[in-house]
Amino acid sequence: MTETTLSTAIAAHIETAAFLAPGELQHAEALFSAGIIDSVNLLELVVFAEGLCQLSVPPEDIRLEYWDSVEKISAYLARRRAA
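Keep in mind that what you see is a predicted model, and the values were worked out from it rather than measured.

A. Highlighting unusual backbone geometry. Phi at F19 takes a positive value of approximately 60 degrees, unusual for a residue other than glycine. Positive phi, normally seen in glycine, also occurs at Q54, with a value near 55 degrees. Tracing the backbone shows Q54 in the loop between α2 (39–53) and α3 (64–67). Overall, the relative accessible area of 73% leaves Q54 in the exposed class.

Written out as C-alpha cells, the structure is:
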C-alpha cells in the first residue's frame, strides 16, 4: 500500500466517522483543533490504522505530532511500516 493509498483510506475512514462528505476533509487539516475528532475518535482511529497496516502502535506514539492530520498519520504509519 502506497502512502497515497494509505492517506485516502484514512481520510475516508475519518470522513465516515465524523459524518463528513466524501472528499471534504483536507489532508493537511488539523483534526483536533478543527473539532473533527476527539480523544475517543483517536483511539478508534488508531485501532483502524493498526488493522489497515497490520502493525501495533505503542501507547507512547499516540500523540498529536503523529495523529493530528491525515498527512501526519500517513507519514507516521509509513515510517512504522518501513522500520
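Having seen the model, we can carry on.
B. Fine view of the packing of helix α1 (residues 3–17) against α2. Interaxial distance between α1 and α2 falls to 11 Å at its minimum, and their mutual angle equals 145 degrees. Crossing hand, α1 versus α2: right-handed. Packed against α1, whose contacting residues are L6, A9, I10, H13 and I14, the element α2 presents E44, L45, F48, L52 and C53 at the interface. Taken together, the residues that form the contact of α1 with α2 break down as eight nonpolar, one polar and one charged.

Reading the values: rules and limits
Residues numbered from 1 in each chain as written. Predicted model: local features only at pLDDT ≥ 70, side-chain atom pairs only at ≥ 80, totals over all residues. Heavy atoms only, no water. Helix = DSSP H or I, 4+ residues; strand = E, 2+ residues; numbered from the N terminus. Buried < 20%, exposed > 50% of the residue type's maximum accessible area, 1.4 Å probe, protein only. Axes fitted to C-alpha atoms, helices over the stretch in contact; angles between N-to-C directions. Left-handed = near helix turned anticlockwise from the far one by under 90°. Contact = heavy atoms within 4.5 Å. Nonpolar A, V, L, I, M, F, W, Y, C, P; charged D, E, K, R; others polar.

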